[in-house]
Amino acid sequence: IITRKNVKLIGDLGFITPSKGSEIIYLVNEELEKKINQKIISMYIGTVRDSTDNEQVNYAKKLKSFHDGKKNFFINLYISEKNLSLYLKAFDAVILWPNDCTQSGRLALLQGAGVCGIGKNMEGIGETMKLSALPTVETYGSLINVLARVLTRPDSRNLMVGMARTYAKKFRCSIQAK
């Protein structure tokens, strides 16, 4: 079903922690489907880093509670660092909606993999996203509008991704270390 052109895949992946605010990927689904008149699949792929941490385990259960096997998916899977870019490329858009963290590592992966990320406009992540031409928003309504534009206008998404990759190449570690 995900290979159909009229289906868009949004989501997130990685270690599960409440500070990422990942439930947003499920919360936008229905409203976004209505706005763009296309099927949206929301998917989170990841696992808890520490299975003895009750906060992480409970948040994983919360994310899993959205799983319906139709348009909301939760896949409990550890993804090795070498495969993160491959998995990221499956998404039409990745949503970065942290509550209290910068998530700069995930942003760097998005930029390098050439994936369109949409994020919360906050110190750290928002500043870097703006510098690399990836969209930032401050409200839920703005998130829906920007997602709609990104998912229905491949030219716009491709331009953003291209500029983000250019930024990533310009500021990659090997160049910064010289």
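Residues numbered from 1 in each chain as written. Predicted model: local features only at pLDDT ≥ 70, side-chain atom pairs only at ≥ 80, totals over all residues. Heavy atoms only, no water.

Visitor: For the overall build of the chain, give the residues involved together with the corresponding values.
Guide: Each helix and strand in the chain was counted, giving nine helices and six strands. Scaling as 2.2 N^0.38, a compact globule of 178 residues should have a C-alpha radius of gyration of about 16 Å, and the chain matches this with 16 Å. Principal-axis analysis of the C-alpha atoms places the extent of the chain at approximately 45 × 40 × 30 Å. Looking at the chain as a whole, 48% of its 178 residues are labelled buried. Residue pairs in contact within the chain that sit at least 24 positions apart in sequence constitute 67% of those at least 6 positions apart. (Helix = DSSP H or I, 4+ residues; strand = E, 2+ residues; numbered from the N terminus. Rg over C-alpha atoms; globule rule 2.2 N^0.38 Å. Buried < 20%, exposed > 50% of the residue type's maximum accessible area, 1.4 Å probe, protein only. Contact = heavy atoms within 4.5 Å.)

Visitor: So what about the packing of helix H2 (residues 29–36) against helix H7 (residues 140–152)? Which residues, and what values?
Guide: Packing of H2 against H7 brings their axes to within 10 Å, and their N-to-C directions diverge by 50°. Looking at the two axes, H2 sits oblique to H7. Judged by the sense of rotation from one axis to the other, the crossing of H2 with H7 is right-handed. Of H7, the residues touching H2 (which contributes Glu 31, Leu 32, Lys 35 and Ile 36) are Tyr 140, Ile 144, Asn 145, Leu 147, Ala 148, Leu 151 and Thr 152. Taken together, the residues that form the contact of H2 with H7 break down as seven nonpolar, two polar and two charged. (Axes fitted to C-alpha atoms, helices over the stretch in contact; angles between N-to-C directions. Parallel < 35°, antiparallel > 145°, perpendicular 65-115°, else oblique. Left-handed = near helix turned anticlockwise from the far one by under 90°. Nonpolar A, V, L, I, M, F, W, Y, C, P; charged D, E, K, R; others polar.)

Visitor: Before we move on, can you summarise the nonpolar core with the specific residues and values?
Guide: Among the nonpolar cores identified, the biggest contains 51 residues, and Ile 10, Ile 16, Val 28, Leu 32, Ile 95, Leu 143 and Leu 147 are the most heavily contacted of them. Among the elements that take part in this core, H7 stands out by supplying seven residues, more than any other. Not counting chain neighbours up to four residues away, the residues in contact with Leu 143 comprise Ile 24, Val 28, Ile 95, Trp 97, Ile 118 and Val 137. (Core = buried A, V, L, I, M, F, W, Y, C linked by side-chain atoms within 4.5 Å.)

Visitor: Describe the packing of H7 against helix H8 (residues 154–170), and please don't skip the residues or the numbers.
Guide: Running from amino to carboxyl end, H7 crosses H8 at an angle of 100°, the nearest separation of the two axes being 5 Å. In this view, H7 runs roughly perpendicular relative to H8, as classed from their interaxial angle. In this structure, H7 contributes Arg 149, Val 150, Leu 151 and Thr 152 to the contact, and H8 contributes Pro 154, Ser 156, Arg 157 and Met 160. Split by residue class, the contact of H7 with H8 holds four nonpolar, two polar and two charged.

Visitor: Residues and numbers for H2, please.
Guide: Here H2 has its buried residues at Asn 29, Leu 32, Glu 33 and Ile 36. Down the axis of H2, the sector holding all buried residues measures 105°, keeping them to one side. On its buried side, H2 packs onto strand S1 (7–13), helix H1 (24–27), strand S2 (39–46), strand S3 (72–76) and H7. Positioned one or two residues after H2, Asn 37 has a phi angle of 55°, which is positive. (Arc of directions from axis to C-beta.)

Visitor: Which residues make up the side chain of Asn 72, and what values go with them?
Guide: Within the secondary structure, Asn 72 is located in strand S3. Within the local environment of Asn 72, its side chain forms a polar contact with the side chain of Asn 29, the two groups lying 3.5 Å apart. (Polar contact = N/O pair within 3.5 Å; in protein donor to acceptor, adjacent residues only side chain to side chain.)

Visitor: Outline a nonpolar patch on the surface, listing residues and values.
Guide: A contiguous nonpolar surface patch, about 320 Å² in accessible area, is contributed by Ile 75, Leu 77, Leu 86 and Tyr 87. Turning to its location among the elements, Leu 77 is positioned in the loop between S3 and helix H4 (84–88). (Patch = residues over 30% accessible without salt bridge, like charges linked within 9 Å, V, L, I, M, F, W, Y side chains within 5 Å. Areas by Shrake-Rupley, 256 points an atom, 1.4 Å probe, with all protein chains shown as cover. Salt bridge = Lys/Arg side-chain N within 4 Å of Asp/Glu carboxyl O.)

Purely geometric stuff here, so don't read any function into it on its own.
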